[in-house]
Amino acid sequence: MAIQNADRSDRAAVENGLTLALKYDERGLIPVVTTDAASGTVLMQAWMNEEAVERTIATGEAHYWSRSRGELWHKGATSGQIQRVIDFRTDCDQDSLWLVVEQAGGGCCHVGYESCFYRALPVGEAVDGPVPLTQKLTK
């Protein structure tokens, strides 16, 4: 399967049309936020290239592009943390993606947490020096 990306020169068609016209960055990547279908929890933020988008559509399971490894990554292929896609959306500018998934394998984060967003930054207070984080989830 090869995705055919629509022409992006017609702004109205990109913003209101019903044809895929994704905008990848200069590296050929597009950001994707993944949330849990049952709880709505943000599980992770990652990147996709065109092949990851194609494989996600074709298989119904999340595929990403690993910037650190420089390779396609089928989420859960080695960890068992498979993400079955329930909904796959693009934003109004078609430059960002959102996956809603059923998360298998007990968690999403490679360090053992349900979500990769398990720490919080302080808000509304002055910080001088290193910024202290608060752990919000347990393993």
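These figures come from a predicted structure and were not determined experimentally.

Draft legend 1. View of the packing of aromatic side chains. By the definition in use, this model includes two aromatic pairs. Note on Tyr64 and Trp73: the rings are 5.1 Å apart at their centroids and 45° apart in plane angle, and the pair reads as tilted. For Trp73, a relative accessible area of 23% translates into the label partly exposed. On the numbers, 3.8 Å between centres and 10° between planes, the contact of Tyr113 with Tyr118 is stacked. The buried category is assigned to Tyr113, whose relative accessible area is 6%. Under the relative-accessibility criterion, Tyr118 is labelled buried at 12%. The ring of Trp47 carries the charged tip of Arg27 above its face, separated from the ring centre by 5.2 Å.

Draft legend 2. Molecular detail of helix 2 (residues 50-59). Those residues of helix 2 not exposed but buried are Ala52, Val53, Glu54 and Thr56. Looking at the buried side of helix 2, the elements it contacts are strand 2 (42-48), strand 3 (63-66), strand 4 (71-74), strand 5 (83-90) and strand 6 (97-103). Its side-chain oxygen at 3.2 Å from the backbone nitrogen of Glu51, Asn49 defines the N-terminal cap of helix 2. Positive phi shows up at Gly60, right after helix 2, with a value of about 75°.

Draft legend 3. Molecular detail of the sheet that holds strand 6. The strand order across the open sheet built from four strands is 2-1-6-5, with neighbouring strands paired in mixed fashion. Either end of the sheet is taken by a strand with one partner, and the two such strands are strand 2 and strand 5. Across the sheet, the mean angle from the axis of one strand to that of its neighbour is 25°, orientation sign disregarded. Where strand 1 (residues 30-36) lies against strand 2, six bridges are found, and the strand directions are antiparallel.

Draft legend 4. Local environment of the environment of Cys92. Looking at where Cys92 falls in the secondary structure, it is placed in the loop between strand 5 and strand 6. Between the C-alpha atoms of Cys92 and Ala6, which are 86 residues apart in sequence, the distance is 14 Å. Residues within four places of Cys92 in sequence aside, it is in contact with Val14 and Glu15.

Draft legend 5. Region of interest: the side chain of Thr35. Examined against the element boundaries, Thr35 turns out to sit in strand 1. Look at Thr35 and you get buried, because its relative accessible area is 9%. Among residues more than four places away in sequence, those in contact with Thr35 are Gly40, Thr41, Val42, Leu43, Trp98, Leu99, Val100 and Val101.

Draft legend 6. Representation of unusual backbone geometry within the structure. In this structure, Gln94 is a non-glycine residue whose phi angle is positive, near 55°. For Gln94, the position within the fold is in the loop between strand 5 and strand 6.

Draft legend 7. Just the layout of surface pockets, in detail. Within this model, the largest pocket holds a volume of roughly 530 Å³. What lines the largest pocket is a set of 23 residues, among which Met44, Ser66, Arg69, Trp73 and His110 lie closest to the centre. Of all the secondary structure elements, the ones that give two or more residues to the lining of the largest pocket are strand 2, strand 3 and strand 4. Taken together, the residues of the lining of the largest pocket sort by class into ten nonpolar, nine polar and four charged.

Rules used throughout
Residues numbered from 1 in each chain as written. Predicted model: local features only at pLDDT ≥ 70, side-chain atom pairs only at ≥ 80, totals over all residues. Heavy atoms only, no water. Phe/Tyr/Trp six-rings, centres within 6.5 Å; stacked < 30°, edge-to-face > 60°. Buried < 20%, exposed > 50% of the residue type's maximum accessible area, 1.4 Å probe, protein only. Lys NZ or Arg CZ within 6 Å of the ring centre and 35° of its normal. Helix = DSSP H or I, 4+ residues; strand = E, 2+ residues; numbered from the N terminus. Contact = heavy atoms within 4.5 Å. Polar contact = N/O pair within 3.5 Å; in protein donor to acceptor, adjacent residues only side chain to side chain. Pairing = 2+ DSSP bridges. Axes fitted to C-alpha atoms, helices over the stretch in contact; angles between N-to-C directions. 1 Å grid on protein atoms, 1.4 Å probe; cavity = no way out; pocket = protein on both sides within 12 Å on 5 of 7 lines; lining within 4 Å. Points joined across faces, edges and corners; volume = space filled by probe spheres on them. Nonpolar A, V, L, I, M, F, W, Y, C, P; charged D, E, K, R; others polar.

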